Amino acid sequence: MPTPAQNQPGQSSAPVRSSSASSSRRTAHPVSHQSPPPNIWLPHAPPAFSHDQTSDPFSTAQQPSWPFPAVSPTARPLRVPPLDVPSSSRLPAPASSASSHRAMPPTSIRLPTGQPPGLLRPAHAPHLETSQPTPGPTTHISTSLARDAMMAPPPEETPDHIYRNRLLPLLLAMRELHPNHIPVLLLLACTYYALGDLETSLSISQHILSLNENYVEAMSNIGTTMKALGQTEKAYEWWWKALKLRPTYWDALDNILGMTFTLAQGTADHTRRLAYYRQALVVCQYVQRNVLDTNDRLVVPLQPGDVPRLQRAIFTSGTIYATLAPSNLERAITDYSRAIELAVRPPTPLTEGEQYTLRDLLLAACAAGHIMCSDSDSSGIPEISGVFQNDFRARLGDPTIDFVYVVRASGEQLLTALLRAGGGVLPTPLLLPEQVSRLPMLLFPRTDGVLPAICIRTPGGALRPPPEKVRLQTNGMTSTILLTLAKRFQDNVLGGMVLPGSDGKLRVSTSIVILLYYLALAWSPVPSTYNNLGIVLSGITDGRTGADGELLDGMGLARTYYTAGLQMDPKHPHLLTNLGSLLKDQGQTEQAIKMYMKAVEQKPDFDIALANLGNAIKDVGRPWDAIEYYRRATDVNPSLPEAVCGLVNSLCSVCDWRGRGAVAAEVGVDAAGHVIPPGPHPQTGWITDMVAVTDTQIAQGYMASIGVPALQHAMDECLRALAAAHGRPLRSGELTRWQARFQRLARGGEDRTLRRINEAGFLLRFIDWVQPRMQRQWYIKAYGKTLAMDGEVPTSEGNYHDLFLRPTLPKTLQPPPVPSVLPFHTFTYPLTPRVTRLIPHRSALRISYTAFAQPWLPKHVYRPPRPPINGKINIGYVSNDVNNHPLSHLMQSVFGMHDREQFNVYLYTTSPWDGTAYRPRIASMVEHCVDVSSWSLNTIIDHIMQHEIHILINLGGYTKGARNDIFAARPCPVQMQMMGYAGTLGAAWCDYLVCDPISCPQDMSASERWRALSAAPDPTSAEETGLGSYPEVPLDVDADIDPETDSDEWLYMEKFLYMPHTFMVTDHKQSYRSDDELSVEERAQVPIETLWIDEERRRAEARKRVFPDLPQDVIIFANFNQLYKEIFLVWLRILRKVPRSILWLLRFPGAGEEHLLRSAKLWAGDEVASRIRFTDVAKKDWHVFRGRVADLFLDTAECNAHTIAADVLWSGTPILTWPKHKHKMCSRVASSMVNATGFGDQMVVHSADEYEQRAVDLAQSVHYVPHHEPTGAVLPRGQGELVRLRRNLYINRDQMPLFDTMRWTRNLEKGLREAWRRWVEGTQYELSDEWEACGGEEKASGCIWIRDDDPVDITRID
C-alpha cells in the first residue's frame, strides 16, 4: 500500500473546554499583563542558524509566507495524514502585507509606496502597502512624491545615483521650504537609511519625535535603524513603545515578532528559546487585550485592511501556545477559533444574532453541503427539513439574510438534528469541487460571499465589499487558519477533543476536519489544499449517489480533488504522488509508477514519492530496482517508516546484507559486508532502524481515544450484545467485570502507552468476538442445539433481527494505524514474539474497522445458516491462488476428495484465471467453483449467505491478494485458516488455525495461555498484563487474552485444529508420478531393490544433466529458498569442512547471485565461494524431478521450505531442518513435514552447531561402490547413512502420511465436524454457560485434536 506521510506527528492533549456558543466567551489566558521586559534581549545580532540544530522542533530554516500556507504538502497516507499548514515547529513569520505572498524581513526599514508606510508612514495613511529593503545604496525607493518631482531616470542609472543625485537634493530643498513637515522628514530619513547613512536617518527620526512625541511611525523607524546598528535591545524598546501607544500599529508588532523569532531560532539554548517565544506571546496578547473584550467583541474600530493583520496576531498567539507545550493545545485551538470568528462577523455595530462562532460556521457549512447534495424535494438529511420548517432551500438561497444567521438562530435544533443523523458527530457532506466553491455565496449571500468583517457598513446598514486586495488578503489569512485548525484537529481526532464554543456537545471528528478543508478551499483555492482534502476524503467510507447515478465515495471524491488540483498545477509533486497512490490502491500499479516518476522528476528529493515508487516497483516483482528509490528516500528522511521497511525488505530479497547491523544475540553484517559476531547489544544498521520504526508505530497505536461520551454509548451497546450472546441477562459478577474493562479504557490518560491501552482495538476485538456468539444464540432460538436435520426447514430470516444487533462503531473512531512492516515479513525479521503478534493483529483491526464501516452492512449480525440438511456441512474455501501457484499445486485434489455424503464444497476464487490448467482441473472436481474476482464484498457475502456456508476456510491469510475482508464481516459461524499463511492472523474473526503440535506448540495459543494463567495463583500478574505498577483488570475479552500485553509467552489468537501428522497437504502422489511412471498399485508390486536401482540410474543421469562437470563423489548441498545471512554463514562453514562439496542455489532472484558470492568471499574465502553453483528457476515438472540431484537439502531456519520441501522429499532427497523459533510457525513447517515421513528424527536438529555438525556427518558418511550394468556401463552406487535415509524416503513415499492426500482430507473432515459440533453446543467458547457445564476435551484444551484411525505402513530399510 502507498506510503503514509508523517511530517509532524500530532501530540495528544486534554479536550478543549469552552463556554456557551451564544456568547463565545472564553477564559482569559493566564499570561503576564506587564510590559515585556527588555533585559532578555541579546545585545548583538544572533548567530547564523547552524545545520546541527535542524532537529530542533522549535527551529525552521525558512519562515512560511502568509497568507497562504508555506510548508510542504504531503502524500497520501495510510494512517494519519499530515496537512499543508504550519505546525508547532514552524512559527508564522509576520509580514507587512498579506497580499505580497512572500515573507519580508520584519525588521527592515519601511519605505513609502504612494504615501509613506512603515518607517515613513504618516498617521493619516495607516493602510498602504509596504516594502522592506535592507539598508544600502541598492535599496529601491518608489514613491509617488518622487515620481511627481522628477523625470524617470535613464536605464543605466543606478539606485544609488538616483537617491543621491535626484531624490536627496529634492527632499532637502523641500525641507528648507517646510522644515517641520513630517511626511517630508519621514521620506528624507528613509532615503538616508537606503544610502546607508544610518546616523543621519536616526537624527531625522528623532527630530520628528521632537515635533510629535507620540508619532509611532518615527518610533518604529528608530527601532529599525537601531536594529541595523546592531542595538537589538534598543530596537525592541522603540517598537514596544510604539505598540503601546497604538496597539493596532501592525508594523511595530511585525518587527517585534520577527526579531523574536529570529533570536529564538538562532540560539541553541532551549530555555532561552522558550523565553523568546513567551515574550512574543505576551506581545500578541497585549494587542488582543486592547482590541478585543472578553467576549471577543472589538473595542476599537478597525479598517478592513486591519482584519487580516489582527487575525495574524491572534493566529501567532495560538501557534506559540502549541509550540511551548502540548498541554497548551486547548488554548491554541481557542485562539485559532477566535481568529476565524473575527473574519466571519460583520463590522460594528452588530447584533447578538451576528456574533457568529466557529460552531455556527461549521453547522452552516454542514447543512448547506447536505442540501446541495440532495434532490429538489429533500435536504439529504430528513431532520434538517424540520429545523428549517421545510423551506430549507429558500432559506439557503435567500439573498436578504445570511444562512449562517439562520443557523445561529436555530439554537440547538440544527446541532441536535445533525448529531442524530451522524451518530454523535456531524455527518460528512460529500461535496464536489464546484459545490465547495459555492459555499461562501450560500453562507453569506448578503456580501456576495465576501467575509463579512472586511465589508463596510453603510449608513443604511448594507454591507459594501472592500477593495479586491483586502479581500484576497483576508481570504488567504482565513484559509491559513482554517487549514491549521484542520491539522490540529486531525492530529487529535482520536483524542476526544470537543469544539470550542459547543458546550462539549460537538466532538471533533473527521467530518469537522473535512468541513474546515471545504471552507479553506472555498475562500482560497490552491493546489496544496486540493491535495490535502483529497488525502482526508480517501480515508472515509461514506458514499452517496452522484447526479449521474454512480456511487460517489471517498476514493472517488479524492480522485476528483487531485485532478482539480492538477488542473491548477500539472507539475504539483504531491498531487501527482497522491493520485499515483490512489491508482495503486485500485490495482493500476503501472499507472501509479508513471505518476510517481513524474512527481520525482519535479522534486527529486521528495521522500514520500520515492518510497511509494519503491513500493510500486517492488510490488511488480522488481525489488532490486526499488532499492535505489528507497535509499534516496531514506537519505532525505531516515525515519520514514515505509522507506526504512521497504529498503529492508528489498535488500533482504536480493541477499545484500551490507549495513544490516544486528539485534542483540544475532549475527550481523557491517557496512563493508563483514560479519558481526553475536553480542549482548544491538549494532546499528538498517535492521535495527526497522525494529525501532516498528516499535514506534506500535506505540502510536495507543494514542487513539474515542472520548468518554462515545465510550459510554459503546459500553451500553456492548453490554446489550453480551446479554444477547449469553441468551440471558448478565449476572452481577459478569456485569462488574465488563464494566471494569470499560472503566479502565476511560481512565486511559497520558500513560496509555505504558498501560498498553488500545481503546479502538478493544472495541473492534469485542465486536469480532461477540458476533459468532450472537449468531449461535440466533441459531439456538431458531433450531435448537441441532447438529443436523433430515430435511429442509424454513430459514429464520427476519425473525430475530432486532434481538441480535451488532454494536456500532463510534463515529469518533478512526481507522486504526497499521505498522509499515507487513505481517508476512515478520516471518524473517528479528522481532520479539509480542511484536510478531501485534503486527498482524493491528492489520486485523484495520480490516475489521473497514468491514464494520461499510454502509451496506446490516445492523444485526448475519443470520446463521440452517442446520446441515441430511448432515451435509457446507464448507467454503476462499482463495486468491487457484491458478499456477504453490497452493494449487499442493491442494488441487483436496477439493474433489471431500466426502460428498458429508460435505458440500464451495470454492470462491478471488483472482482472475491465469490461463493455466490448474483452475479448470480444480473446478472440474468442485460442484460450486465461483469466480468472484470482479464481485464487490457485499455481493460475495450475499452469495455466502444464500448458500448457507457453515464453515468458511481462508487459504490466503496475509499473502498478496487475500480477501480477509470477507471473513472480517463474519458471514459464517465457524471460520478458520490453513495452508496459505504459516502464522497467526491476529484476528478474532478467525476461530481456528489448522496446524499440528510441531508447527504450533500448544502453549503458543491464547486459549491455552489463558488456561495456564487461570490455574496460576495470580492470573492477572503484572508480567502478563504488561501493567507494571498498574494492577488493573486486563483488557481481555473473557478468555481471549488481550494481544497488546507485554507477554512474549504466546503468539496465536486462534485456537488450534491439530492434524495428526502434519498440517501440510501435498498432491505429489497424484500429480508427479512421471519419474518412475508407475501408479501406486503398480509400484507396490515392484521389488524394493528394483525400485531403488532404477532410481539410482535416474538420479545419476539427472546429475550429469544439471552438473556435467561434477565428479560423482562430490557432495551436492542444495537450497531453493530465499536465503538469510545467519544460515548462509553456517553453510559456508559446512562447505569448508566438506572440501569435496558444492552448494547448489537458484537465481531467485537473479540479482542475489552477486551479493551471495561477494559475502561468501568475504566470509569464507575465494575457494569456498567458488564452490557455490547457481542455476535458473525451472518449470514445475523439471523442478520436482531434478530435486533428486541434491545429496542433502539444507533448509533455511528463519522461514523453512514449504512447497519446495514437499518437492524435494517426494524425490527422496533428505532435508536438514532446524525449528529455530517456538513462536514462528514458518520456521517449524519443515520439521512438521519430515515428521510425516516417518523419518523426521534423522532430519531435525535444534541448534546452529548441531545443524552444522549433522550436515558434515551426513556428507562424510557417503561413499560409492561401482556397479557394473549388463550393458557394460558402471553405475556408482552410494552407501552410508545419508544414502540409506534417501532410500527410505524414496521407497516409502506412497505410504507416508505426508503424501497421503486422501488420509489428510479425511482427517481434516473430522476436525471440521468437531468444530461445527463445538459451535452448535457452545463449548467452543470458554466461560460460556455451555463450556462451564461440559465435561469434554474442550474443557481441558481449546485445541481440536484429530486422531488418525488408519495405521501407517512405513517400511524402514537399513
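Residues numbered from 1 in each chain as written. Predicted model: local features only at pLDDT ≥ 70, side-chain atom pairs only at ≥ 80, totals over all residues. Heavy atoms only, no water.

J.: What should I look at first to understand the overall build of the protein chain in this one?
T.: The number of helices and strands found in the protein chain is 52 helices and 21 strands. Every one of the 1358 residues in the protein chain was classed for burial, and the buried ones make up 62%. Accessible surface for the protein chain amounts to roughly 48,700 Å². Of this, 53% is attributable to carbon and sulfur atoms. (Helix = DSSP H or I, 4+ residues; strand = E, 2+ residues; numbered from the N terminus. Buried < 20%, exposed > 50% of the residue type's maximum accessible area, 1.4 Å probe, protein only. Areas by Shrake-Rupley, 256 points an atom, 1.4 Å probe, with all protein chains shown as cover.)

J.: What's the story with the packing of aromatic side chains in this structure? I'm lost.
T.: Remark: the centre distance and the inter-plane angle together describe each pair of aromatic rings, the angle taken between the planes. Under the definition given, this model contains 36 aromatic pairs. Where tryptophan 657 meets phenylalanine 1128, the ring centres are 5.7 Å apart and the plane angle is 55°; that geometry is what we call tilted. Of this pair, tryptophan 657 sits in the loop between helix H26 (641–653) and strand E5 (668–669) while phenylalanine 1128 sits in helix H42 (residues 1125–1137), placing them 471 residues apart in sequence. Given the relative accessible area of 2%, tryptophan 657 is considered buried. Between the aromatic rings of tyrosine 779 and tyrosine 783, the centroid separation amounts to 5.3 Å while the plane-to-plane angle is 65°, which identifies the pairing as edge-to-face. Residue tyrosine 779 and its partner tyrosine 783 are both found in helix H30 (residues 759–783); the two are separated by four residues, about one turn of the helix. Of the two residues, tyrosine 779 and tyrosine 783, neither departs from the other in class, the shared state being buried. Members of the aromatic cluster, each reached through a chain of ring pairs, are Trp657, Phe1128, Trp1131 and Trp1163. (Phe/Tyr/Trp six-rings, centres within 6.5 Å; stacked < 30°, edge-to-face > 60°.)

J.: Could you clarify how one ought to interpret the nonpolar core in this entry?
T.: The nonpolar side chains of a soluble globular protein tend to be buried with one another. In terms of nonpolar packing, the biggest core is built from 199 residues, with Phe403, Phe489, Tyr518, Tyr561 and Met690 touching the most fellow members. When near neighbours in sequence (up to four residues on either side) are disregarded, methionine 690 contacts Val644, Cys645, Val648, Val821, Tyr829, Pro830 and Leu831. Listed in part, the 158 residues of the second largest apolar core include Ala714, Phe827, Phe903 and Tyr1058. (Core = buried A, V, L, I, M, F, W, Y, C linked by side-chain atoms within 4.5 Å. Contact = heavy atoms within 4.5 Å.)

J.: Would you take a moment to explain the side chain of aspartate 335 for this structure?
T.: Of note, aspartate 335 is situated in helix H10 (residues 329–344). Accessibility expressed as a relative area gives 0% for aspartate 335, which makes it buried.

J.: Just checking my understanding: could you explain the packing of helix H5 (residues 216–228) against helix H6 (residues 232–245) for this structure?
T.: Between two packed helices, what matters for the description is the angle formed by their axes and the separation of those axes. Where H5 contacts H6, the two axes come as close as 7 Å, and the packing angle between them is 165°. Put simply, H5 runs roughly antiparallel to H6. Viewed along their axes, H5 and H6 form a crossing whose handedness is left-handed. Mapping the contact onto sequence places Val216, Met219, Ser220, Ile222, Gly223, Thr224, Met226 and Lys227 in H5 and Lys234, Ala235, Trp238, Trp239, Lys241, Ala242 and Leu245 in H6. (Axes fitted to C-alpha atoms, helices over the stretch in contact; angles between N-to-C directions. Parallel < 35°, antiparallel > 145°, perpendicular 65-115°, else oblique. Left-handed = near helix turned anticlockwise from the far one by under 90°.)

J.: Any chance you could explain the side chain of threonine 589 here in plain terms?
T.: Mapped onto the fold, threonine 589 is located in helix H23 (residues 589–602). Leave out the neighbours within four places in its chain, and threonine 589 touches Lys584, Ala616 and Val620.

J.: Help me understand empty space enclosed by the protein in this model?
T.: Applying the stated criterion across every chain yields a total of eleven cavities of 30 Å³ or more. Considering only enclosed or pocket space, the largest cavity measures out at about 220 Å³ in volume. Around the largest cavity sit 19 residues that line it, and Cys990, Asp991, Asp1040, Met1053 and Lys1055 are the ones nearest its centre. Put simply, the parts of the chain that give the lining of the largest cavity at least two residues each are H30 and helix H37 (1006–1015). Per-element tally for the lining of the largest cavity: the top contributor is H30, with four residues. Grouping the constituent residues of the lining of the largest cavity by class yields ten nonpolar, two polar and seven charged. Size it by volume and the second largest cavity reaches roughly 150 Å³. Together, 14 residues line the second largest cavity, and Glu1096, Arg1099, Gln1112, Tyr1264 and Gly1278 are the ones closest to its centre. Of all the elements in the fold, those that place two or more residues in the lining of the second largest cavity are helix H41 (1088–1106), strand E20 (1274–1279) and helix H49 (1281–1291). Broken down by element, the lining of the second largest cavity gets its largest block of residues, five residues, from H41. Of the residues assigned to the lining of the second largest cavity, the class counts are seven nonpolar, two polar and five charged. (1 Å grid on protein atoms, 1.4 Å probe; cavity = no way out; pocket = protein on both sides within 12 Å on 5 of 7 lines; lining within 4 Å. Points joined across faces, edges and corners; volume = space filled by probe spheres on them. Nonpolar A, V, L, I, M, F, W, Y, C, P; charged D, E, K, R; others polar.)

J.: Looking at this structure, how should I read the pairing of E20?
T.: Put simply, side chains in a regular strand alternate between the two faces of the sheet. One ladder, built from six bridges, connects strand E19 (residues 1263–1268) with E20; its direction is antiparallel. When the sheet's bridge partners are listed, proline 1266 is paired in E20 with proline 1276. Hairpin connection of E19 to E20: five residues between the antiparallel strands, including glycine 1272 at a positive phi of 100°. (Pairing = 2+ DSSP bridges.)

J.: Which parts of the structure should I look at to understand unusual backbone geometry?
T.: A negative phi angle characterises most non-glycine residues, just as the trans form characterises most peptide bonds. Looking along the chain, the bond that leaves threonine 348 and enters proline 349 is cis, with omega of -5°. If you trace the backbone, proline 349 turns up in the loop between H10 and helix H11 (358–373). In this chain, phenylalanine 1148 is followed by proline 1149 through a cis amide linkage whose omega measures 0°. Looking at where proline 1149 falls in the secondary structure, it is placed in the loop between strand E15 (1141–1146) and helix H43 (1152–1164). One non-glycine residue with positive phi stands out, namely arginine 756, at about 55°. Mapped onto the secondary structure, arginine 756 falls in the loop between helix H29 (732–746) and H30. With relative accessibility at 19%, the residue arginine 756 sits in the buried group.

J.: What's the story with the sheet that holds strand E17 (residues 1192–1194) in this structure? I'm lost.
T.: Two orientations exist for strands paired in a sheet by backbone hydrogen bonds: parallel and antiparallel. Overall, parallel pairing links the five strands, which are arranged E16-E15-E14-E17-E18 in an open sheet. The open sheet has two edge strands with one neighbour each: strand E16 (1172–1175) and strand E18 (1215–1216). Note: strand E14 (residues 1115–1119) against E15, five bridges, orientation parallel. Each bridged residue has a counterpart across the sheet, and for isoleucine 1115 the counterpart in E15 is serine 1141.

J.: Would you explain the sheet that holds strand E7 (residues 873–879) in this entry?
T.: Spatially, eight strands are ordered E9-E8-E7-E10-E11-E12-E13-E21 in an open sheet, and the strand pairing comes out parallel. Strands at the two margins of the open sheet, each flanked by one partner only, are strand E9 (928–931) and strand E21 (1344–1345). Relative to E9, strand E8 (residues 903–909) runs parallel, the two sharing four bridges. Each bridged residue has a counterpart across the sheet, and for threonine 909 the counterpart in E9 is aspartate 931. On the sheet, helix H50 (residues 1301–1321) packs against E7, E8, strand E10 (951–954), strand E11 (974–977), strand E12 (992–995), strand E13 (1055–1058) and E21 and is oriented at approximately 145° with respect to E11.

J.: Explain the pattern of salt bridges to me, please; I cannot follow it from the model alone.
T.: Charged atoms that come close allow side chains of opposite charge to pair. Per the counting criterion, the structure on display carries 83 salt bridges. One salt bridge connects arginine 1188 with glutamate 1095, and the closest N-O pair in it is separated by 2.8 Å. Of this pair, arginine 1188 sits in the loop between helix H45 (1180–1186) and E17 while glutamate 1095 is found in helix H41, placing the two residues 93 residues apart along the sequence. The same class applies to arginine 1188 as to glutamate 1095, namely buried. Notably, a salt bridge pairs glutamate 1314 with arginine 1317, separated by 2.6 Å at the nearest N-O pair. Taken together, the residues glutamate 1314 and arginine 1317, both in helix H50 and three residues apart, mark about one turn of the helix. In the salt-bridge network here, residues are joined through shared partners; they are Arg297, Glu352, Arg359, Asp360, Arg408, Glu412 and Lys505. (Salt bridge = Lys/Arg side-chain N within 4 Å of Asp/Glu carboxyl O.)

J.: Would you take a moment to explain helix H21 (residues 554–568) for this structure?
T.: The α-helix advances 3.6 residues per turn, and as a result positions three or four apart in sequence lie on the same side. When the terminal C-alpha atoms of H21 are compared, their 21 Å separation across 15 residues agrees well with the 21 Å that a helix rising 1.5 Å per residue should span. Along H21, the positions that sit buried rather than exposed are Gly554, Met555, Leu557, Ala558, Tyr561, Tyr562, Ala564, Gly565 and Leu566. (Expected span 1.5 Å × (residues − 1).)

J.: How should I be thinking about the pairing of E12 in this particular structure?
T.: The side-chain alternation of E12 yields two buried faces, one formed by Tyr992 and Val994 and the other by Leu993 and Cys995. Taken together, the two bridges between E11 and E12 define a ladder with parallel strand orientation. When the bridges of E12 are listed, methionine 976 appears paired with tyrosine 992. Strand direction decides the pairing type here: E12 and E13, joined by four bridges, are parallel. Bridging across to E13, leucine 993 finds its partner in phenylalanine 1056.

J.: For this particular structure, what's the right way to read the packing of helix H20 (residues 527–537) against H21?
T.: Here H20 crosses H21 at 170°, and the two axes come no closer than 8 Å. Considering their axes alone, H20 and H21 lie roughly antiparallel with respect to each other. Touching Pro527, Tyr530, Asn531, Leu533, Gly534, Ile535 and Leu537 of H20 are Gly554, Met555, Leu557, Ala558, Tyr561, Tyr562, Ala564, Gly565 and Met568, all from H21. Of the residues contributing to the contact of H20 with H21, the split by class is twelve nonpolar, four polar and no charged.

J.: How do you make sense of the environment of threonine 529 when you look at a structure like this?
T.: For threonine 529, the position within the fold is in helix H20. Given a relative accessible area of 1%, threonine 529 falls into the buried group. C-alpha of threonine 529 to C-alpha of tyrosine 517: the two residues are twelve residues apart in sequence and 7.2 Å apart in space. Beyond its immediate chain neighbours, meaning those up to four positions away, threonine 529 contacts Leu483, Tyr517 and Leu521.

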